[in-house]
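Next come the chains, spelled out residue by residue.
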Amino acid sequence: GLISVSVVPNVFGALSQANVKKASADLKSLRSAVEMYRIDMQSLPPAQAGLQALVQQPQGLRRPERYRPGGYIDALPSDPWGNPYILLTPGTDGRDFDIISYGQDGRPGGNGLDADLFHWQE
């Protein structure tokens, strides 16, 4: 019992930090894929397609021949808490776009592990 009292919080803390680091790495990879899409298509993914446009060519593109064969990533990851990453266009604070994990609770806002994580955060 005494060992679990000291070990469990340390393991939980390390796991929490690992989840935040994984989400941060995923967000950076997704940002790179969105930027490649933007270069090829000369626009951001359509709002109705969101990040799915990185995996599968959206309908109604003006220049569908510019879409990379095989897409821009193999599969969309879920964040470490099992929630989808979100693409917002336009983004916040004058950004063209934001890619967001809504954290452990899967809802906008929050603190600690429930805090939102953005692609532009370091």
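Definitions and limits used
Residues numbered from 1 in each chain as written. Predicted model: local features only at pLDDT ≥ 70, side-chain atom pairs only at ≥ 80, totals over all residues. Heavy atoms only, no water. Helix = DSSP H or I, 4+ residues; strand = E, 2+ residues; numbered from the N terminus. Buried < 20%, exposed > 50% of the residue type's maximum accessible area, 1.4 Å probe, protein only. Phe/Tyr/Trp six-rings, centres within 6.5 Å; stacked < 30°, edge-to-face > 60°. Lys NZ or Arg CZ within 6 Å of the ring centre and 35° of its normal. Salt bridge = Lys/Arg side-chain N within 4 Å of Asp/Glu carboxyl O. Core = buried A, V, L, I, M, F, W, Y, C linked by side-chain atoms within 4.5 Å. Contact = heavy atoms within 4.5 Å. pLDDT = per-residue confidence, 0-100.

### What about the environment of I39?
Moving on, step 1. With respect to the helices and strands, I39 occurs in helix 1 (residues 2-41).
Moving on, step 2. Classification of I39 by relative accessible area gives exposed; the value is 64%.
Moving on, step 3. Residues I39 and R66 lie 27 residues apart in sequence; the distance between their C-alpha atoms is 9.7 Å.

### Quick word on the packing of aromatic side chains
Moving on, step 1. Taken as a whole and judged by the stated rule, the model has four aromatic pairs.
Moving on, step 2. Pairing F118 with W120 gives two aromatic rings, centres 4.9 Å apart and planes at 25 degrees, and the pair type is stacked.
Moving on, step 3. Ring-pair connections join several aromatic residues into one group, and the members of that group are Y37, Y67 and Y72.
Moving on, step 4. Looking at R95, its charged tip hangs above the ring of W120, at a distance of 3.7 Å from the centre.

### A short note on the pattern of salt bridges
Moving on, step 1. Enumeration over the complete set of coordinates arrives at seven salt bridges.
Moving on, step 2. In this structure, R38 engages D96 in a salt bridge whose closest nitrogen and oxygen atoms are separated by 2.7 Å. With R38 in helix 1 and D96 in the loop between strand 1 (86-88) and strand 2 (98-101), this residue pair connects regions lying 58 residues apart in the sequence.
Moving on, step 3. Residue R38 is classed as partly exposed on the basis of its relative accessible area, which comes to 23%.
Moving on, step 4. A single salt-bridge network, built from bridges that share partners, covers E35, R38 and D96.

### Thoughts on the nonpolar core
Moving on, step 1. Membership of the largest hydrophobic core comes to 21 residues, with the highest contact counts inside it found for Y37, L51, L54 and I99.
Moving on, step 2. Of the residues forming this core, the biggest block, seven residues, is contributed by helix 1.
Moving on, step 3. Residues contacting L51, with those up to four places away along its chain left out, are L30, V34, L76, Y85, I86, L87 and I99.

### Some details on the side chain of H119
Moving on, step 1. By secondary structure assignment, the location of H119 is in the segment after strand 3 (117-118).
Moving on, step 2. Among the residues examined, H119 registers a relative accessible area of 7% and is labelled buried.
Moving on, step 3. If near-sequence neighbours (up to four positions away) are discounted, H119 is found in contact with L27, R31, F97, D98 and I99.

### Details of the confidence of the model for the protein
Moving on, step 1. Scored by pLDDT, the protein has a mean of 88; 86% of the residues are at 70 or more.
Moving on, step 2. A low-confidence stretch, residues 2-8 stays under pLDDT 50, and its non-local contacts, those more than four residues away or across chains, total one contact.

### Things to note about unusual backbone geometry
Trans peptide bonds make up most of the peptide bonds, and negative phi angles are found at most residues other than glycine.
Moving on, step 1. Residues T89 and P90 are joined by a peptide bond in cis, for which omega reads -5 degrees.
Moving on, step 2. The residue P90 is located in the loop between strand 1 and strand 2 in this model.
Moving on, step 3. In this model, Q42 sits at a positive phi of 60 degrees, which is unusual for a non-glycine residue.
Moving on, step 4. With respect to the element layout, Q42 can be found in the loop between helix 1 and strand 1.
Moving on, step 5. Residues other than glycine seldom take positive phi values, yet D93 does so here, at roughly 50 degrees.
Moving on, step 6. Within the element layout of this structure, D93 appears in the loop between strand 1 and strand 2.
Moving on, step 7. Residue class for D93 comes out exposed when judged on its relative accessible area of 71%.

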